[in-house]
Amino acid sequence: MIRVTCNKFKKYCNDISEINLNDFNAFIFRAILKSLVQTNNIIPITISLIVVVFTYLINKEEYFFLPQTNLTTYITFILLELFIGILTLFLCPILIVIGVNYVLGIIQNIKKPHGKLLFSAKAVILLLAYALFLKILINASFKLSEQILIMTIWAFLYFLLVNMYLSYKEHNHPFKFSATRVIFVVIFTITMVKPLDIIITRTSKTINYLQVNSLISMPTQTCRLLAKSKNKYIAPENNILNNTDYFESTPEGCNFYGGVVRVGFSSDYAVTIRKNILPVNINNKQSNIYDRVNCYSSTCFIETNITIDVNHDAYQKLFDEKHHGQEL
């Protein structure tokens, strides 16, 4: 069993090292990029990505707001976010692979270097090209750990393309996978969800769907409801309603100056308000407590006392990033 596995692995390594790079490029254009832009392929892919992203958010118990009176605009917005995510995570790295293949393909045709040596050189050049692309375009948007994760995804993407090419050569079909190739697909799919979520969040903030700590004014009725939302874990001095740096009451209503996240379009929006200034201890866990104002066509209702562990609080991360950005 071990000998058979070793022989298969050796054959796999030899197949990779002997790839014709120009033919590999032709395969990427013909079988991958051309098929992706076809309507009967891109629609199922887009729907699948939407399902994957929303499933990820639901399983993480993260809140996402669905505008009811601006549904068409929202769907267009989601498609735009997915396109930006796909462009960043998939298309640009594939174009880098094509560029590296083209340059090394010229060398391959002229000097006929040893296959394994060429593959090793290509792996180094690809990693450097990936790192340069990440540094120039999206370095400021991601933490070091997130950058490493994206580089890992791009490495899996390359091997996924290689496996599709080998499958195409063996079976004349790019999607006939062996068990090993299926593992590549599964790992790639799992690892790409988190960066795609990060890119969608960054896009939401950039095009103003998501606003962090923006100055927000509320009408009198909503302010009264928020004032009645009490929580026994929040001491008076730790309540943002008692701190003028976060909150101000006015004759027309009230203003919030911090601790708020707003998502939505025009009259359909949700404002999530952190009630505590500093985290509170609940059952030996440091937690934040939120009220959420959901408004549809100016009709609002409030969800009160939403408790989230600080270590798993996506809103706290947004506040920290906003504070860090202001310091810079």
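Here's a quick rundown of the structure. Quick caveat, the model's predicted, so the values are computed rather than measured. (Residues numbered from 1 in each chain as written. Predicted model: local features only at pLDDT ≥ 70, side-chain atom pairs only at ≥ 80, totals over all residues. Heavy atoms only, no water.)

Here we take up the overall build of the chain. When helices and strands are tallied, the chain shows 9 helices and 9 strands. The long-range fraction of contacts in the chain, counting pairs at least 24 apart against all pairs at least 6 apart in sequence, stands at 68%. Carbon and sulfur atoms make up 63% of the accessible area of the chain, which amounts to about 18,500 Å² in all. (Helix = DSSP H or I, 4+ residues; strand = E, 2+ residues; numbered from the N terminus. Contact = heavy atoms within 4.5 Å. Areas by Shrake-Rupley, 256 points an atom, 1.4 Å probe, with all protein chains shown as cover.)

A few words now on the sheet that holds strand β4 (residues 253-256). Taken in spatial order, the 3 strands of this open sheet run β2-β4-β3, and their pairing is antiparallel. Each of the sheet's edge strands pairs with one partner strand only, and the pair in question is β2 (216-219) and β3 (247-250). Adjacent strand axes in the sheet meet at a mean angle of 20° when their direction is disregarded. Relative to β2, helix α8 (residues 220-228) is tilted by about 95°, and along the sheet it contacts β2 and β4. (Pairing = 2+ DSSP bridges. Axes fitted to C-alpha atoms, helices over the stretch in contact; angles between N-to-C directions.)

Ranked by internal contacts, the top residues of the largest apolar core, which has 61 residues, are F24, F27, I28, Y130 and W154. Listed in part, the 15 residues of the second largest apolar core include I240, V260, Y269 and I273. (Core = buried A, V, L, I, M, F, W, Y, C linked by side-chain atoms within 4.5 Å. Buried < 20%, exposed > 50% of the residue type's maximum accessible area, 1.4 Å probe, protein only.)

Next up on the list: the environment of L226. Examined against the element boundaries, L226 turns out to sit in helix α8. By relative accessible area, L226 is classed as buried at 5%. For the pair L226 and I302, spaced 76 residues apart in sequence, the C-alpha to C-alpha distance is 7.9 Å. Excluding its chain neighbours within four sequence positions, the residues that come into contact with L226 are L241, F256, I273, D291, V293 and I302.

Turning to the state of the cysteines, a few remarks are in order. One pass over the full model with this rule turns up 2 disulfides. At a sulfur-sulfur separation of 1.9 Å, the disulfide partner of C295 is C300. On the sign convention where negative means left-handed, the S-S torsion of about 110° between C295 and C300 marks this disulfide as right-handed. Along the chain, the cysteines engaged in disulfide bonds are linked according to the scheme 1-2, 3-4 when indexed in sequence order. (Disulfide = S-S within 2.5 Å.)

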